[in-house]
Amino acid sequence: MPGPAPHVPRPGPDSTTPALADSTIAVSGATGFLASYLLLRLLPQGTRVVALVRKPPHRAMASLALALRSAGAPAETVQRVAQQVRAVQITLDRPRLGLSEGEFQAVADSVDAVLHCAALTKLHGDPGELHRTNVEGTRQILALASVGRRAPHLFHVSTAFVAGARLDGVVPERQLEADGFLTPYEESKHRAERLVHDWARIQGRGATVFRPSVLLSDRAALPRAPQHTYAVLAAKLALFLRHGPRALVDASSAPLDASGRLTIRLLGAPDASINLLQVDDAARAMLRLAEQVSTTNTSDVPPGARVHHIVHPTETPVTRVNEALQRSVPWLRLTLVPERPRPSGLERAVDLYGAEATAYLGLRRRYERTSVCELERRRLVRPPAPVDNPYLDAALTPPLVAR
């Protein structure tokens, strides 16, 4: 299998050229939402990409170009896909990623870094399927990073929700011992991250773990392009409520209030909050942190996995998210209640149908963000803007509704 042109290492430990610029990186999940915003910035730097994808290469390249356009990439960046990206079809959870021994070694030897973005993000998905994709898939990515002759640095995209069932306090930037989990998804991501920490310690290798919170965009996604979690939630809500309040009342016996609004009680803390971050800011922070790793030779990187929370400095009250949803559906009223005796059939359906949001309606925790704060202090990235009502309204507009 032909690979990229031979790599010539840059001399000297004093180089300040980021290794992700003018280098070759393997990217899993390259056609996904976050990865498209990362590649939007990497491709113009001259980064060559080995995209590890599920689809046949020609279809994956088309999906990647679509994802970049949806993320706002200019035409010249989209054109770089054909010159700088090589797609390799894999099966993430199979030994050697489903490749032959020779193909697997050729990919491993061709890259300077591995960026693992691929994941199954169904919060209440089948635990076995989540384990295969998120845990066993990570195991195979670690095997790829282990055998590469350039000892590629591993960048692993975890999630802030590996904090599990911890509802209050400040979540630290270190390896976590979770005390239970709220969803099968976060348990699978916690196990995957533990594999990364164990691998770095046993191999004596450096690794970087990014833990993003809920990432949003106020851009309207193109049809069939990847979408952020809350855009999917808004689309599902719009579909669920498309028949109007009277039909839902007739189907579920849920009452309308005096103003004709349909009330849905959501089980959660009235003062709950959720960390929402603009995906553009997440991508900038992650790549700046990646530069810090790559400004020295890989032999100078201390062993172990370093964790970075990629989060907003301010939590967003869940009530504000509910208010944004209500602005798009004026006859709907969402309210948070600590107890909900005799839930209606409609409320039980919303619990399941809107699991992307309803799983986390009891959180009041915050996240340490020392790494990103230091970037902001040095003016290497700007602090994220507030997630205000106009941004929420745009982010929660169903993808198929034109703006």
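Quantities reported herein were computed from a predicted structural model and do not represent experimental measurements.

**Student:** Could you give me a rundown of the sheet that holds strand 12 (residues 304-310), with the residues and numbers involved?
**Tutor:** Two orientations exist for strands paired in a sheet by backbone hydrogen bonds: parallel and antiparallel. Judged by pairing direction, the sheet is parallel, and its seven strands sit side by side in the order 3-2-1-4-5-7-12 without closing on themselves. Two strands bound the open sheet, and with one partner strand each, they are strand 3 (85-89) and strand 12. Going from strand to strand, the sheet's axes swing by 20 degrees on average, the running direction of each strand aside. Pairing of strand 2 (residues 48-53) with strand 3 involves five bridges; the strand directions are parallel. Paired with A51 across the bridge in strand 3 is A87. Docked against the sheet, helix 5 (residues 127-147) engages strand 1 (24-28), strand 2, strand 4 (113-116) and strand 5 (153-157), running at close to 175 degrees with respect to strand 4.

**Student:** Talk me through the environment of Y37; I want residue IDs and the actual numbers.
**Tutor:** Structurally, the position occupied by Y37 is in helix 1 (residues 33-42). Spatially, the C-alpha atoms of Y37 and A71 are 6.2 Å apart, while their sequence positions differ by 34 residues. In this structure Y37 touches S70, A71, S217, R219, V279, D280 and A283, once residues within four positions along its chain are discounted.

**Student:** Describe the packing of helix 1 against helix 2 (residues 57-70), naming the residues involved and giving the relevant values.
**Tutor:** Close contact between helix 1 and helix 2 brings their axes to 9 Å; oriented N to C, the two are set at 80 degrees. Taken together, the axes of helix 1 and helix 2 lie roughly perpendicular to each other. On helix 2, the residues that touch S36, Y37, L39 and L40 of helix 1 are L64, A67, L68 and S70. Among the residues making up the contact of helix 1 with helix 2, the classes are represented as six nonpolar, two polar and no charged.

**Student:** Summarise the pattern of salt bridges; cite the residues concerned and give the values.
**Tutor:** For the structure on display, the rule yields 15 salt bridges. The partner of E193 in a salt bridge is R211, and the shortest N-O contact between them spans 2.6 Å. One end of the pair, E193, is in helix 6 (residues 184-203); the other, R211, is in strand 7 (residues 206-212), and 18 residues separate them in sequence. The exposure classification of E193 matches that of R211, with both residues buried. Each of D168, D271 and R364 takes part in a single network of salt bridges with overlapping partners.

**Student:** How would you summarise the environment of V381 if you had to cite specific residues and measurements?
**Tutor:** Position of V381 relative to the elements: it lies in the loop between helix 13 (370-377) and helix 14 (389-395). Taking the C-alpha atoms as reference, V381 lies 6.6 Å from A285; in sequence the two are 96 residues apart.

**Student:** Just give me the short version of the packing of aromatic side chains, but keep the residues and values in it.
**Tutor:** What the rule picks out here adds up to three aromatic pairs. Note on F33 and Y37: the rings are 5.4 Å apart at their centroids and 65 degrees apart in plane angle, and the pair reads as edge-to-face. Highlighted residues: F33 and Y37, both in helix 1, separated by four residues, approximately one helical turn. Of the two residues, F33 and Y37, both sit in the buried class. Look at F155 and F210: their rings are 6.1 Å apart centre to centre, the planes differ by 5 degrees, and that puts the pair in the stacked class. In this pair, F155 sits in strand 5 while F210 sits in strand 7, placing the two residues 55 residues apart along the sequence. In this structure, F155 and F210 share a single accessibility class: buried.

So, how was this worked out
Residues numbered from 1 in each chain as written. Predicted model: local features only at pLDDT ≥ 70, side-chain atom pairs only at ≥ 80, totals over all residues. Heavy atoms only, no water. Pairing = 2+ DSSP bridges. Helix = DSSP H or I, 4+ residues; strand = E, 2+ residues; numbered from the N terminus. Axes fitted to C-alpha atoms, helices over the stretch in contact; angles between N-to-C directions. Contact = heavy atoms within 4.5 Å. Parallel < 35°, antiparallel > 145°, perpendicular 65-115°, else oblique. Nonpolar A, V, L, I, M, F, W, Y, C, P; charged D, E, K, R; others polar. Salt bridge = Lys/Arg side-chain N within 4 Å of Asp/Glu carboxyl O. Buried < 20%, exposed > 50% of the residue type's maximum accessible area, 1.4 Å probe, protein only. Phe/Tyr/Trp six-rings, centres within 6.5 Å; stacked < 30°, edge-to-face > 60°.

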